[in-house]
Amino acid sequence: MATRAVPAPLAQLPNALTVGRLILVPVFVVALALADDGRSWVAGSLFLVAGITDQLDGWLARRWRVESEFGKYADPLADRLMIDAAAILLFAADRLPWPGLVVILGRDALLLVGWKVAAPRGMELKVNVAGKAATWLLYAALGFLIATHKGADWPLWIFWAGLAIALVAAVDYAVTAWREVRR
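The following paragraphs examine the structure supplied in this document. No experiment lies behind these values; they were computed from the predicted model shown.

In this fold, P7 is placed in the segment before α1 (8-11). What makes P7 exposed here is its relative accessible area of 52%. A C-alpha to C-alpha distance of 9.6 Å links P7 and W64, two positions 57 residues apart in sequence.

See the structure below:
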């Protein structure tokens, strides 16, 4: 890894943002669970903060050359926990159709299994553009679902687009992993 581009105290900021997002998950869950029919500006705002810090922590770590082992694992964990919590609670509030919940949870289960196979072999699967785009769209769609009235369909169109891109990214990850395993 190259020499970091910022002073030591700033070098911890990306990991601090990730830890903050992990701490935000239970706060978000309580806010959304207490919401009226899955609609909450408070929960939506917390979700927005999580989405922004998701993009900011990785960008800062790469730009400042302070990527860490902790960040490689904690960042995707924080994303999965936040998105999965939102999907589960929105489904429970009848705001997200069950196929969406199944695909989100299934995708994350496959990511976990894939990581369990790839990590012991020393493989590192870098996040691809499709994966980043899917995460942005899923954060946006779920955030809009949280902030809009029940029956608003347009956030679901964004959700389905994000999910389709997530599946494309998953296929790319699987093909990359398969090639690495066969070497």
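In this section: the pattern of salt bridges. For side chains bearing opposite charge, pairing can occur when the charged atoms are close. On inspection of all chains with the given rule, the structure shows eight salt bridges. One salt bridge in this structure joins D108 and R80, with 2.9 Å as the shortest N-O distance. Of the two residues, D108 sits in helix α5 (residues 98-118) while R80 sits in helix α4 (residues 69-92), which places them 28 residues apart along the sequence. Each member of the pair, D108 as well as R80, is classed as buried. A salt bridge links D94 to K150; the nearest nitrogen and oxygen atoms lie 3.7 Å apart.

Here helix α2 (residues 13-33) contains 21 residues, and its C-alpha end-to-end distance of 30 Å stays within 8% of the 30 Å for a straight helix at 1.5 Å per residue. Every buried residue of α2 is accounted for by P14, N15, L17, T18, R21, L24, V25, F28, A31 and L32. Each element contacted by the buried residues of α2 is listed here: α1, α3 (41-63), α4 and α6 (129-147).

Looking now at the packing of α3 against α6. One can describe the packing of α3 onto α6 by two numbers: an axis separation of 7 Å at closest approach and a directional angle of 165 degrees. In terms of their interaxial angle, α3 and α6 are classed as roughly antiparallel. Both α3 and α6 take part in a crossing whose hand is left-handed. Facing α3, whose interface residues are W41, A43, G44, F47, A50, G51, D54, Q55 and R62, α6 presents K132, T135, W136, L138, Y139, L142, G143, I146 and A147. Grouping the constituent residues of the contact of α3 with α6 by class yields 10 nonpolar, five polar and three charged.

Cut-offs used in this document
Residues numbered from 1 in each chain as written. Predicted model: local features only at pLDDT ≥ 70, side-chain atom pairs only at ≥ 80, totals over all residues. Heavy atoms only, no water. Helix = DSSP H or I, 4+ residues; strand = E, 2+ residues; numbered from the N terminus. Buried < 20%, exposed > 50% of the residue type's maximum accessible area, 1.4 Å probe, protein only. Salt bridge = Lys/Arg side-chain N within 4 Å of Asp/Glu carboxyl O. Expected span 1.5 Å × (residues − 1). Contact = heavy atoms within 4.5 Å. Axes fitted to C-alpha atoms, helices over the stretch in contact; angles between N-to-C directions. Parallel < 35°, antiparallel > 145°, perpendicular 65-115°, else oblique. Left-handed = near helix turned anticlockwise from the far one by under 90°. Nonpolar A, V, L, I, M, F, W, Y, C, P; charged D, E, K, R; others polar.

Purely geometric numbers; function is a separate question.
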